[in-house]
Each structure stands twice: as C-alpha cells, then as structure tokens.
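What the coordinates show
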Amino acid sequence: MPTPSPLKPTAEQLLAARDTTIPDVVAPGLRVLFCGINPGLWSGATGHHFARPGNRFWPALHRSGFTPRQLRPDEQGELLDLGLGITNVAPRATAKADELTADELRAGGAALTERVLRLRPQVLAVLGIGAYRTAFGRRGAAIGRQEEGLGDTEVWVLPNPSGLNAHYTPASLAEEFRRLREAVGAP
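Everything in this summary refers to the structure shown in the same document. (Residues numbered from 1 in each chain as written. Predicted model: local features only at pLDDT ≥ 70, side-chain atom pairs only at ≥ 80, totals over all residues. Heavy atoms only, no water.)

Describing the nonpolar core
- Val32, Phe34, Phe57, Phe177 and Leu180 are the most contacted members of the largest nonpolar core, which has 22 residues in total.
- For this core, the secondary structure elements donating two or more residues are strand E1 (32-36), helix H3 (57-63), strand E2 (84-88), strand E3 (123-127), strand E5 (154-158) and helix H6 (170-183).
- No other element matches H3, which puts four residues into this core.
- Apart from residues lying up to four places away in sequence, valine 32 is in contact with Phe66, Gly83, Leu84, Gly85, Val123, Ala125, Leu180 and Val184.
- If you look at the next biggest cluster of nonpolar residues, it comprises 20 residues, including Cys35, Leu100, Val126 and Val157. (Core = buried A, V, L, I, M, F, W, Y, C linked by side-chain atoms within 4.5 Å. Buried < 20%, exposed > 50% of the residue type's maximum accessible area, 1.4 Å probe, protein only. Helix = DSSP H or I, 4+ residues; strand = E, 2+ residues; numbered from the N terminus. Contact = heavy atoms within 4.5 Å.)

Here we look at the pairing of E5
- Of all five residues making up E5, four are buried, and the element is well covered by its neighbours.
- Inspection of the sheet shows strand E4 (residues 144-145) paired to E5 by two bridges, in the antiparallel sense. In the sheet register, glycine 144 faces E5, and the bridge partner there is valine 157. (Pairing = 2+ DSSP bridges.)

Observations regarding the pattern of salt bridges
- Taken as a whole and assessed by the stated rule, the structure comprises 15 salt bridges.
- Here aspartate 24 ties to arginine 115 by a salt bridge, and the two come within 3.7 Å at their closest N and O atoms. Here aspartate 24, found in the loop between helix H1 (11-17) and E1, pairs with arginine 115, found in helix H4 (residues 102-119); they are 91 residues apart in sequence, far enough to count as distant.
- A relative accessible area of 32% means that aspartate 24 is categorised as partly exposed. (Salt bridge = Lys/Arg side-chain N within 4 Å of Asp/Glu carboxyl O.)

Brief notes about the pairing of E3
- Burial runs high along E3: five of the five residues are buried.
- Here E3 shows no split at all, with Val123, Ala125 and Leu127 on one side and Leu124 and Val126 on the other all buried.
- Alignment of E3 against E5, held across five bridges, turns out to be parallel. Bridge pairing links leucine 127 to leucine 158 in E5.

Here's the deal with the packing of H4 against helix H5 (residues 129-136)
- Closest axis-to-axis distance for the H4/H5 pair is 7 Å, and the angle between their directions is 80°. Judged by the inter-axis angle, H4 sits roughly perpendicular to H5. Between H4 and H5, the contacting residues are Ala102, Leu105, Arg106, Gly109, Leu112 and Thr113 on the first element and Ala131, Thr134, Ala135 and Phe136 on the second. (Axes fitted to C-alpha atoms, helices over the stretch in contact; angles between N-to-C directions. Parallel < 35°, antiparallel > 145°, perpendicular 65-115°, else oblique.)

Regarding the sheet that holds E3
- Spatially, five strands are ordered E2-E1-E3-E5-E4 in an open sheet, and the strand pairing comes out mixed. Because the sheet does not close on itself, it has two edges, and the strands there are E2 and E4.
- Packed onto the sheet, H6 meets E1, E3, E4 and E5 and runs at close to 165° relative to E5.

Details of the environment of threonine 169
- For threonine 169, the location among the structural elements is in the loop between E5 and H6.
- Taking the C-alpha atoms as reference, threonine 169 lies 9.4 Å from arginine 56; in sequence the two are 113 residues apart.

Some details on the packing of aromatic side chains
- All told, the structure shown has seven aromatic pairs when counted by the stated rule.
- Taken together, a centroid distance of 5.5 Å and an interplanar angle of 80° make the contact between phenylalanine 34 and phenylalanine 57 edge-to-face. Of the two residues, phenylalanine 34 is situated in strand E1 and phenylalanine 57 in helix H3; the sequence distance between them amounts to 23 residues. Considered together, phenylalanine 34 and phenylalanine 57 belong to a single accessibility category, that of buried residues.
- Measuring from centroid to centroid gives 4.1 Å for phenylalanine 50 and phenylalanine 57, while their planes differ by 15°, and the two rings are stacked.
- Taking relative accessible area as the criterion, phenylalanine 57 reaches 0% and is therefore assigned buried.
- Connected via pairs of aromatic rings, a cluster forms that spans Phe34, Phe50, Phe57, Trp58, Phe66 and Phe177. (Phe/Tyr/Trp six-rings, centres within 6.5 Å; stacked < 30°, edge-to-face > 60°.)

Quick word on H4
- The first and last C-alpha atoms of H4 sit 25 Å apart over 18 residues, in line with the 26 Å expected at 1.5 Å per residue.
- Of the residues making up H4, those classed as buried are Leu105, Gly108, Gly109, Leu112, Arg115, Val116 and Leu119. One face of H4 carries all of its buried residues, which in axial projection span an arc of 130°. More than 90 degrees from the buried face of H4, the exposed residues found are Asp103, Glu114 and Arg118.
- Here the buried face of H4 lies against E1, E2, E3 and H5. (Expected span 1.5 Å × (residues − 1). Arc of directions from axis to C-beta.)

Okay, structure coming up:
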C-alpha cells in the first residue's frame, strides 16, 4: 500500500488529528509573529500551519509581498529566515474554530501574551477578529493596528484567512496583509 502524502492526510489521519497540537514556528525578535486561531485537522495531521487546501494564508503572505514566492505549508520553516513566524491562540486542532470555548480562547490569550513578552516580536498579527476579541477581552476591536500592544510588541488584527471567511476575497485579504507589511517596513 502506498504511503499517503504528508500534505494530503487520509480520513483516518484527519480523525486522529482532533485535539492534537503542532509546534510553533518561532524565534526571538521576529518582525511579525502571525497568530492563527487554532490548528485545523489538516494542520494537526501534517504538523504544518494553515495546511488545509483552500486556506488563503500562504497566498496572502506572498501576494502582500512578505515572501518572494508562495510557500507551501511544509516550507513553513523558511519563514524564520524572513523574520516571520507562526503560532496559535488555542493549541488544539479542531475541524472548525467554533468548536473552541470562550474559556479556551481566553486561556490561549494569556499564554500568547506570555509567549510574546518572551519572544518580543516587532508585531503580533492575530488572524481573526472574533478570536482576538474573545481572547483579549477587546469587544470593540476592528481589523488593523490595535491601540494597545503587548509590552514593546505592536498588535494587529487581520482577517481570518480560512476559505470559510467569505467576507474577504483573496485580493482584499492580501491587501490587509500588505498594509501590515508596509507598516513594519518590510521590503
């Protein structure tokens, strides 16, 4: 029997990925630490962030100018050389982010704050307004730069790049990412 591709998990692997965690892609002093809500089942099964086909994170990152080419999820380690990283608000993999409880998001926000204060990225970019509002108790937050940072780190909220987020087209999503790239002075 052929070995399944690490980028296309089997149905059994997806089921087994529920509630797993995946490692962050982080280092001290990054320009931008991108923060997803939580890993999806594809990410849990492959160990790669934003791994599900149809997720628009990797195209938005490239189209906005953060990366010289569109990276694949299995190339996520290359982000570190560009001063970029990835983490999540909540660590456990689910089929949909709405399976997370408000308590999980708040606990994730506290853990994320500790991580940011330790790693000291220039910017934390949270990908999802609803998760940000819940995790940090900022009910009136809007997309863009937030007034309150975490220590010396600026906080931005960007749209969730999931293909389920119909409020943003690939072009408008890339535009929001571009605004952040220009604000941090990235090439």
